[in-house]
Amino acid sequence: MAKLKSLIINIALMVLTAIALLFGALSALSWYTNHDKYLKVPDVSGMSFDEAKITLEQNGLSPIINDSVFIEKALPLSIVSQNPEADSDVKVGRTIYLTINTGKTPTVNAPKFVDMSITLAKAVMKNKGLKIGKSILLTMQLAIILFYHNFIVVIPYDREQ
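The following refers to the structure shown.

Thresholds, definitions, all that
- Residues numbered from 1 in each chain as written.
- Predicted model: local features only at pLDDT ≥ 70, side-chain atom pairs only at ≥ 80, totals over all residues.
- Heavy atoms only, no water.
- Pairing = 2+ DSSP bridges.
- Helix = DSSP H or I, 4+ residues; strand = E, 2+ residues; numbered from the N terminus.
- Axes fitted to C-alpha atoms, helices over the stretch in contact; angles between N-to-C directions.
- Buried < 20%, exposed > 50% of the residue type's maximum accessible area, 1.4 Å probe, protein only.
- Arc of directions from axis to C-beta.
- Contact = heavy atoms within 4.5 Å.
- Salt bridge = Lys/Arg side-chain N within 4 Å of Asp/Glu carboxyl O.

Brief notes about the sheet that holds strand β2 (residues 62–69)
The strand order across the open sheet formed by three strands is β2-β5-β3, and the pairing between neighbours is mixed. Sheet topology places β2 and β3 (79–83) at the edges, where each strand pairs with a single neighbour. The mean angle between the axes of side-by-side strands here comes to 30 degrees, regardless of whether they run parallel or antiparallel. Across seven bridges, β2 lies against strand β5 (residues 95–101) in parallel orientation. When the bridges of β5 are listed, V69 appears paired with N101.

Overview of helix α2 (residues 49–58)
Inspection of α2 places A52, T55 and L56 among the buried residues, and these make up the whole buried set. Buried residues in α2, looked at end-on, bunch into an arc of 95 degrees, giving them a common side. Structural note: α2 exposes D50 and Q58 on the side pointing more than 90 degrees away from its buried face. Along its buried surface, α2 packs onto β2, β3 and β5. Of the residues flanking the end of α2, it is G60, one or two places downstream, whose phi is positive at about 80 degrees.

Here's the deal with the pattern of salt bridges
For the structure shown, the criterion picks out one salt bridge. Notably, a salt bridge pairs D89 with K40, separated by 3.2 Å at the nearest N-O pair. Residue D89 is found in strand β4 (residues 89–90), and its partner K40 is found in strand β1 (residues 39–40); the two are separated by 49 residues along the sequence.

Scope: geometric values only; no functional claims are made or implied.
Right under this line is the structure:
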């Protein structure tokens, strides 16, 4: 009977120890991860990177430039998008990934227009992302075609010179 009583006491102590360890681990995890402590991500779109960095760091967040794109209507080096989005709930110290506008028009390899119809040449230009401006129809045998800031410059070429 004494052995049975001792066994029951030991089992009860093991169960209480396991419960105490589990409670302690969950409490420590909640403290370590700042459970239920969130910040709202501020909207930094349209700001310069320096302004966005100051705003995010003042809110306890860490900004990183993740990507750059070219958007013609956006200001150069301004924030185009952010991840996580504005007004999202995040933890203190969270990294905010920013996409900025390069401000530099991307370069494109000039397509070859030799023996192309005007319609096909316009379609090729459109597919390359080039803007089609004023069209001038010239009749000549040879021409040099130059691309400069989304403009096409046609220079007549004479072999005799």
